[in-house]
Amino acid sequence: DQKMRLVWRESGLGQRARGVMGRYDEGVIPDLNALENSPPLGEYRFAITVRGGLDAAEALASRIQAEIGGDIYVYALKGWGPERPNIIVALPRMAQKSNAALYVQGVLDVDSRNCVGAGDTKGDSSMLQTGFPFICVGNSERALLEDASTARRPDLHFTAVAHFSLGVIEGLELLRRQLRREQNEKGK
């Protein structure tokens, strides 16, 4: 928390993100950044909503990231609610899911072969760089699937057909089959 506070609040990065992103916010989801949603000090991220296609939102996220600069990660994802707006999120790079997963792995002292990640949005893309097996569930956003394809790690990255938790189960089964094949090949 101390590092996050330093990077996001005390350095001014969070304030810079609010200033730049606030100009683009269409306010489709009210109180998205309300302090009450994550007391006592709020979250170490800022989000806005925009209407239109996801491609346009992803392009805007890239422009925002370039404009804010610094050690920040900005991405777009599909929102919720009747209008299903796009949500553009900015957070410190150190807050990415991959860093959290690697931290937990270290605290638990677990070998990376005994870890697995799963996701469905661009916000999960950093997990592709952990060295852990990763499952893109069937309802994954195009941006995550593209990142998985770019990473070119078919030995570690699996794409399920099933959606949500059923996709995770399917991906675990694909991983289990691969591990069995590898064990059989070593035994020959």
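See the structure above.
1. With respect to helix α6 (residues 164-187)
Thinking step 1. For α6, with 24 residues, the first-to-last C-alpha span of 35 Å sits near the 34 Å given by 1.5 Å per residue.
Thinking step 2. Among the residues of α6, those classed as buried are Gly167, Gly171, Leu175 and Gln178.
Thinking step 3. Lining the buried residues of α6 we find β5 (134-136) and β6 (157-159).

2. Describing the sheet that holds β6
Thinking step 1. In spatial order, the strands read β4-β5-β6; together these 3 strands make up an open sheet with parallel pairing. At either margin of the open sheet sits one strand with a lone partner, and together these are β4 (117-119) and β6. Each adjacent strand pair in this sheet contributes to an overall mean axis angle of 20°, direction not counted.
Thinking step 2. Pairing analysis gives 3 bridges linking β5 to β6, with the strands arranged parallel. Each residue of the ladder has a partner; that of cysteine 136, found in β6, is threonine 159.
Thinking step 3. Across the sheet, helix α5 (residues 142-151) is in contact with β4, β5 and β6; its angle to β5 comes to roughly 140°.

3. Observations concerning a nonpolar patch on the surface
Thinking step 1. Residues Tyr103, Val104, Val107 and Leu108 make up a contiguous nonpolar surface patch of roughly 440 Å² in combined accessible area.
Thinking step 2. Turning to its location among the elements, valine 104 is positioned in helix α4 (residues 97-108).
Thinking step 3. Looking at valine 104, the relative accessible area reads 42%, which means it is partly exposed.

4. Brief notes about the environment of aspartate 25
Thinking step 1. Its location among the elements puts aspartate 25 in the loop between α2 (13-22) and β1 (46-50).
Thinking step 2. The spatial distance from the C-alpha of aspartate 25 to the C-alpha of isoleucine 87 is 9.3 Å, given a sequence separation of 62 residues.
Thinking step 3. With sequence-adjacent residues up to four places away left out, aspartate 25 is seen in contact with Ile48 and Thr49.
Thinking step 4. At 2.9 Å, the side chain of aspartate 25 forms a polar contact with the backbone nitrogen of glycine 27.

Calculation criteria
- All residue numbers refer to positions counted from 1 along the written sequence of the respective chain.
- In keeping with the predicted nature of the model, local features appear solely for residues at pLDDT of at least 70, side-chain atom pairs appear and are counted solely at 80 or more, and the whole-chain, interface and lining totals rest on all residues.
- As a convention, hydrogens and water are excluded, and side-chain values are obtained from all of the structure's heavy atoms.
- Secondary structure follows DSSP: runs of H or I at least 4 residues long count as helices, runs of E at least 2 residues long count as strands, and numbering of each begins at the N terminus.
- Helix span, expected: 1.5 Å multiplied by one less than the number of residues in the helix.
- For the exposure calls, accessible area comes from a 1.4 Å probe over protein chains only, and a residue counts as buried if that area is under 20% of its type's maximum, exposed if over 50%, partly exposed in between.
- Whether two residues are in contact is decided by their heavy atoms, any of which lying within 4.5 Å being enough.
- Only strands that DSSP links by at least two bridges are regarded as paired with each other.
- As a rule, the C-alpha atoms of each element are fitted with a line to give its axis, helices using only the stretch in contact, and angles between N-to-C directions run from 0 to 180 degrees.
- A patch is a set of surface residues, each over 30% in relative accessible area and not in a salt bridge, joined within 9 Å for like charges and within 5 Å for the nonpolar side chains Val, Leu, Ile, Met, Phe, Trp and Tyr.
- Every accessible area reported is derived by Shrake-Rupley at a probe size of 1.4 Å, with residue values counting cover from the shown protein chains alone.
- We define a salt bridge as a contact between a side-chain nitrogen of Lys or Arg and a carboxyl oxygen of Asp or Glu at a distance within 4 Å.
- Whenever a nitrogen or oxygen atom comes within 3.5 Å of another N or O atom, the pair is scored as a polar contact, on the condition that within protein one atom can donate a hydrogen and the other can accept it, and that pairs from neighbouring residues in sequence are kept only if both atoms are in side chains.

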